[in-house]
Amino acid sequence: MMWTTDQEDRYEMASSKQDKYLLVAAIDFGTTYSGYAFSTRYDFQRDPTNTFLKQWVDPTSSMMNNKTSTCILFTKKKKFSKFGFEAEAKYLDLILDKDHMNWYFFRRFKMSLYDVQSTDEEVYLEDETGKPMAALIVFTESLKYLIDSLLNDARKQQSEIHLQDIKWILTVPAIWSDPAKAFMRKAAVGAGIDTEMLTIALEPEAAAMYVKHIPLERSVDGKTGDVFQTFSAGSKYIVVDAGGGTIDITAHQVMEDGNVKELIKATGGDWGGTRVDGEYIDLIKCLIGRTATDDLNQNAPNVFFEACREFESAKRTIKPKSDITFNVRIPSDIGETYTRTHSGKNLKSVEYVTTKRKKQFKISFIGDKLRLASSDAEKFFAKSVKKITKHLKKVFKQKDGRGISTIILVGGYAESLILMEGIKSSFPHMRTIIPQGAAWSVLRGAVIFGHDPSLIRQRRSKYSYGIDVFEKFNPAKHDENRKYEKDGEIRCGKIFSKLVEVDQTVTVGEYQGEGVYTLHAFGTKGDVKLYSSTEMNPQYVDDENCFFIGYILKPGHSFLLNEDIVIKMCFGETEIEFNAHQPKSQKTAKYYLGQN
Ligand SMILES: Nc1ncnc2c1ncn2[C@@H]1O[C@H](COP(=O)(O)OP(=O)(O)OP(=O)(O)O)[C@@H](O)[C@H]1O
Ligand SMILES: *[C@@H]1O[C@H](CO)[C@@H](O)[C@H](O)[C@H]1NC(C)=O
Ligand SMILES: [Mg+2]
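In this text the structure is predicted, and so the values were computed from the model without any measurement.

1. Concerning the site of ligand 2
Part 1 of the reasoning: Lining the immediate surroundings of ligand 2 are L53, M64, N66, W440 and R444.
Part 2 of the reasoning: Between ligand 2 and W440 there is a distance of 3.1 Å, counted from an oxygen atom to a side-chain nitrogen or oxygen.
Part 3 of the reasoning: The side chain of R444 places a nitrogen or oxygen atom 3.1 Å from an oxygen atom of ligand 2.
Part 4 of the reasoning: Bound to the protein, ligand 2 loses 49% of the 360 Å² it would expose on its own.

2. Here we look at a positive patch on the surface
Part 1 of the reasoning: Taken together, the side chains of K383, K386, K387, K390 and K394 present a region of like positive charge at the surface.
Part 2 of the reasoning: Checked against the element boundaries, K390 lands in helix α12 (residues 379-397).
Part 3 of the reasoning: On the basis of relative accessible area, K390 is assigned to the exposed category, the value being 59%.

3. Let's talk about the sheet that holds strand β18 (residues 326-329)
Part 1 of the reasoning: Spatial strand order, β18-β21-β20-β19: four strands in an open sheet with antiparallel pairing. Two strands lie at the open edges of the sheet, namely β18 and β19 (352-354), each paired on one side alone. The average angle at which neighbouring strand axes cross in this sheet is 35 degrees, direction not considered.
Part 2 of the reasoning: Direction of pairing for β19 relative to strand β20 (residues 360-366): antiparallel, over a ladder of three bridges. Along β20, the bridge assignment pairs T354 with Q360.

4. Description of the site of ligand 1
Part 1 of the reasoning: Neighbouring ligand 1 are 22 residues; T31, T32, K110, K315 and G412 lie closest to it.
Part 2 of the reasoning: Side-chain polar atom of T32 to an oxygen atom of ligand 1: 2.7 Å apart, as the coordinates give it.
Part 3 of the reasoning: Between ligand 1 and the protein, one listed contact pairs an oxygen atom with a backbone N or O atom of Y33 at 2.8 Å.
Part 4 of the reasoning: Taking 650 Å² as the accessible area of ligand 1 by itself, protein coverage stands at 96%.

Reading the values: rules and limits
- Residues numbered from 1 in each chain as written.
- Chains lettered and ligands numbered in written order.
- Predicted model: local features only at pLDDT ≥ 70, side-chain atom pairs only at ≥ 80, totals over all residues.
- Heavy atoms only, no water.
- Near = heavy atom within 4 Å.
- Polar contact = N/O pair within 3.5 Å; in protein donor to acceptor, adjacent residues only side chain to side chain.
- Areas by Shrake-Rupley, 256 points an atom, 1.4 Å probe, with all protein chains shown as cover.
- Patch = residues over 30% accessible without salt bridge, like charges linked within 9 Å, V, L, I, M, F, W, Y side chains within 5 Å.
- Salt bridge = Lys/Arg side-chain N within 4 Å of Asp/Glu carboxyl O.
- Lys, Arg positive; Asp, Glu negative; His and termini not counted.
- Charge placed at Lys NZ, Arg CZ, Asp CG, Glu CD.
- Helix = DSSP H or I, 4+ residues; strand = E, 2+ residues; numbered from the N terminus.
- Buried < 20%, exposed > 50% of the residue type's maximum accessible area, 1.4 Å probe, protein only.
- Pairing = 2+ DSSP bridges.
- Axes fitted to C-alpha atoms, helices over the stretch in contact; angles between N-to-C directions.

Put into C-alpha cells, the structure is as follows:
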C-alpha cells in the first residue's frame, strides 16, 4: 500500500451549473417546524438579510408563523393529502369524525434519521396509530410539498423562474451521520431537485452566518457591539442550535481573512425542546396511571397528540422564578378515561403526582385546565437544560474549546427563558448572543450561505474514513483469528485502511487523504467498501464503532482488476467527495457522501 497526500492540488467541487443561479432557495426541515426562504442575487447584493420568508397560517388558531409544523398526512390509499398546520388541522378533524384510523399521519419524524449509520439501511416510520410506511416516501413527499409551494411563491415575484435557475440549500443537523445526510439528499432528489443544484448545509453554521450578517442596529439579546467583536479576527465562538429534536453544537475561530475554521468537530445530542414535552406527557401518564394510559393508547392515541399541542403553546409562558401559576388545557378524554378506569373517581380529586423521574408535582384543576406552581412547571426543563449545560462545560474544557468567549444561542428552543437563564447562569463570564427570531435564523442564514458559501475554510473531520482491505498476514500485527489462505497467500482480511482520521483538520476544497488500492475480483453489490469510525485508529472494519457507508464503485463499473486505483478524499462545503481514478484504464468514478 502506498500513501501520499497532495495538499497543493486545489479541487473545485462547486459545479459551474450552480454558479449560474438566479435564486437561492433554502428549506429548513425541522423536527418540529419547517419552513423556507429565498432571495435573488439582486436582493442579496442589496441586503444579505433581505429574504422572502414564507408565512404560514395555522387554521386552528389563525395565527401567522414563519415556519409550519412538520406533519404530513396521507390518505387511506397512501396518497399525499396535506403538510404542516393544514395536515394537523385536517387530522384533528378526522379524529372528530372518528375516521382517522386508516389515514397515515406522521409528525416529528426527522429524528428517525438521527442514528442511521448506513446508506443501505431501509428506514420505516410508524404513523400516529402505528401503521408503517417507508421513511423515504414520507421525507420525499414532505420535501415535494415544500418545493412546490416555494416555486409557487417565487413565480409570484418573478414569473420566469425555472427549476434549473434555483440553487437549493437544505439544512441538516451538524451532528448527523453522513448516511443520514445522504438520505436527505436522496429524498430531495426524489422530490425533483437536480442533485448538482443542491447543497446540504449544516444548521448551526447557517445560523452563525445569519448572526454575522445581522445589521448592528437590529436588536439582539446582548449588546450590539457583541456581534462585531464575536466576528473579529482571532475570536472564538460556539453556536448552540437548540431545536425541537437536536441540540447541535459547533465552534469556530475567526481567521485573519474573516473566514472561519471549525475548532472542534460538531457535537450535541437529542435533548431538544420535544424532551420538555416528553416530561409533560410523562406527568399526564403518571397522573392517570397505567390502566387509563393503556386504554387511551388503545382507543384514542391521539389524545396525547392533542395534549402535546396544548402544552406546546402553554410551555412558552414558563419563566424562571415566576410567581404566576402555570395553566395548561387537557383534553376531556383524559378525565373521562380516568373516571371509567378508576371506578368512577374524579381526576380532579388527585393532588400529588410523582413522575418516572421521581419528581413530585402538586397539581390542581380549574375548568378544563391543569394548574401547577411555576417552580413545578420549571421541572419539565430540568433534565434537558442540565444535559445541555453539562455538555457545554465539557466542550469548554477541551484543549480547542479553551478561549471561547461567546455563546450564540439559536433555534426555537433558544426562545425559552428557562433555557436562556440556565445557560447564562452556568456561564456567567461568557457573552451570550440570542438573535431576534432565533427560531428562523437557520433559514435566513441558509439563504446567505447559498449566495456566499465561503465562510468555513477549515473543518474537523467528524469520523475516521477508511477502505476495507486485506494484507499479507503478519503475526506481529494481525489477529490470529482472522488468518486465512487465498491464492497461495496467507492473508488477514477486513483491515481498516485509513484515509482521514477523526478530528483531523481538513481544508475545504482540497484533497486530504489518498490511498492506492487494487481489486482482485468483482463484487456483486459493488467494489471498494467505505467505512467510517468514531475511533482514531480502527484496526478492522468490523471493530466496534465502525460503520459500513457504501461502495465507492457501483456494480458494472469498468475498472480493471489487479491495476492501481487511486482513492482521494475531498471535503466540500459540507459534503465529502471520494474520487477513484485508475491511471491504466483512465477510468474515474466519484462517490459523494450525501449523494447516494
Ligand atoms: N418560548 C419557548 N419556550 C420553550 N420552548 C420553545 C419556545 N419556543 C419554541 N420552543 C420549542 O423549540 C422547538 C422548536 O425549535 P426549532 O423550530 O428550532 O426546531 P426544529 O428546527 O423543528 O428542530 P431541529 O432543528 O431539532 O430539527 C420546539 O420544541 C418548541 O416547543
Ligand atoms: C417572522 O420573521 C420576521 C422577520 O424576522 C419577524 O419580523 C416576524 O415577527 C416573524 N413573524 C412571526 C409570526 O413571528
Ligand atoms: Mg432546526
